[in-house]
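What the coordinates show
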Amino acid sequence: MKPEYLYSIATDLGLQFDSEARIMYGEREGFLLVIEGTETKNVFNISFSAKQGSEGDLIEEGKFLWDDLKTQSKAINAISFNDYLTTIVVKGGMTKGKAVETLWTAIQDIVDFLLNHQFVQVNAATGEEEPIGLYQIGEAVYLIDDETFRAYQAEVQDTVEAYEAREENFLLGIVGAVIGVLIGGAVALLVARLGYVSVLAGAALGFCTIKGYEFLGKKLTKKGVVVSAILMVLTVFLVNQLDFTLAFMSEVDLPFDMSWTIVNEATFQGKVPDNYFLELGKLAVFTLGGAWISVKLALDGQKNRAIARKIA
């Protein structure tokens, strides 16, 4: 979901919005709530860190209470736990207005439940009842205290420094990218032989190529991204040629090598079927579009690796 859309929902709910982490957050009756969008539009997760009473047990041991909340609330779809962190999936809405209404109901139901059952806010990492804040570390957000954050921050710094200290092996990186592009290209060819073009096939191509370079090259740099991008563009053309070759083989009953030669000679002489460039264009748009998604995720991962900051 777009940041502008999330900001609008946060405003309607009287919450804060952090554009970098793309989360809504705010305090209700002493509990810090974090709301994140999911891959499905208008479906959100609400997270908070609590346990039952200052001397209470882990919330996992009182799951029957949460089952009652899920049953009684018309806004809650599912509840999951990670130590002291509880995440509640809120039912979706067809429109923004309905989503806001459902979120508002879910927030009220959750806060009432926490108060009625004497839950207290705790550090999500330690379970200690103490003042906590909202922090972003990498791509994840945490409900922890300053001391825990500083420990995490030191780990992040060590990880970033260790990665930056690696010496890139450009030649091995190219080998890894070639291996990756062959795997991803095989997926794209299989999809093409089934008569489809797919963004997911392109995403697989991009992921395999980028990860192949990084795995053998030990480090992903702009140079590695450029090499990977060139290989992916060439692979799209190669996949299209192989697809036409295999189709030609089935029509004329010739061996692969002869069919491959005929198709390529016809291509470079401009004697191609009317739909050749249309199919190539569709393959390029969808496959390279999907590949760019994987490349962008890899680049964002590089940038986000170093993030360690306090949000609230």
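Worth saying up front: this structure is predicted, and the values here are computed from it rather than measured.

Digging into the packing of aromatic side chains
Summed over the entire model, instances satisfying the criterion amount to 13 aromatic pairs. Between Tyr135 and Phe149 the ring centres are 4.5 Å apart and the planes differ by 20 degrees, which places this aromatic pair in the stacked class. One end of the pair, Tyr135, is in strand S8 (residues 133-137); the other, Phe149, is in helix H4 (residues 146-165), and 14 residues separate them in sequence. Here Tyr135 matches Phe149 in class, with each residue buried. Here the aromatic rings of Phe237 and Phe268 are separated by 6.5 Å at their centres, their planes lie at 55 degrees, and the arrangement is tilted. You can see Phe237 sitting in helix H7 (residues 222-252) and its partner Phe268 sitting in helix H8 (residues 256-268), a full 31 residues away along the chain. A relative accessible area of 31% means that Phe237 is categorised as partly exposed. Members of the aromatic cluster, joined through ring pairs, are Phe48, Trp66, Phe81, Phe113 and Phe119. In this structure, Lys41 packs its charged tip against the face of Tyr5, placed 5.0 Å from the ring centre.

Some thoughts on the side chain of Thr209
Relative to the assigned elements, Thr209 resides in helix H6 (residues 199-217). Excluding anything up to four places from it in sequence, Thr209 contacts Ala177, Gly180, Val181, Ser228 and Met232.

Notes on the pairing of S8
Regular strands place their side chains on alternate faces of the sheet. The buried fraction of S8 amounts to five of the five residues, a majority that puts the element mostly inside the structure. Side chains of S8 alternate between two faces, with Gly133, Tyr135 and Ile137 and Leu134 and Gln136 buried alike. The pairing of S8 with strand S9 (residues 140-144) spans five bridges and is classified as antiparallel. Bridge pairing in S9 links Ile137 to Ala140. Two successive antiparallel strands, S8 and S9, enclose a turn made up of two residues, where Gly138 displays a positive phi of approximately 65 degrees.

Overview of the sheet that holds S8
Strand order in the open sheet made by the three strands is S9-S8-S10, with antiparallel pairing throughout. Of all strands in the sheet, those with a lone pairing partner are S9 and strand S10 (308-310), marking the two edges. Shown here is a sheet whose adjacent strand axes are inclined to one another by a mean of 25 degrees, direction ignored. Of the strand pairs in this sheet, S8 and S10 are connected by three bridges, and their pairing is antiparallel. What sits directly across from Gln136, in S10, is Arg309.

Notes on the nonpolar core
Within the largest apolar cluster, 32 residues are counted, with the highest numbers of intra-cluster contacts made by Met24, Ile46, Phe48 and Leu114. Counting residues per element, the ones that place at least two in this core are helix H1 (3-13), strand S3 (31-37), strand S4 (44-52), helix H2 (63-72), strand S6 (85-90) and helix H3 (96-116). When residues no more than four places from it in sequence are discounted, the contact partners of Ile46 are Leu33, Val34, Ile35, Thr86, Thr87, Ile88, Val90, Leu103, Ala106, Ile107 and Ile110. Core analysis: the next-biggest nonpolar cluster, separate from the first, contains 14 residues, Leu220, Val225, Val295 and Ala298 among them.

Reading the values: rules and limits
- Residues numbered from 1 in each chain as written.
- Predicted model: local features only at pLDDT ≥ 70, side-chain atom pairs only at ≥ 80, totals over all residues.
- Heavy atoms only, no water.
- Phe/Tyr/Trp six-rings, centres within 6.5 Å; stacked < 30°, edge-to-face > 60°.
- Helix = DSSP H or I, 4+ residues; strand = E, 2+ residues; numbered from the N terminus.
- Buried < 20%, exposed > 50% of the residue type's maximum accessible area, 1.4 Å probe, protein only.
- Lys NZ or Arg CZ within 6 Å of the ring centre and 35° of its normal.
- Contact = heavy atoms within 4.5 Å.
- Pairing = 2+ DSSP bridges.
- Axes fitted to C-alpha atoms, helices over the stretch in contact; angles between N-to-C directions.
- Core = buried A, V, L, I, M, F, W, Y, C linked by side-chain atoms within 4.5 Å.

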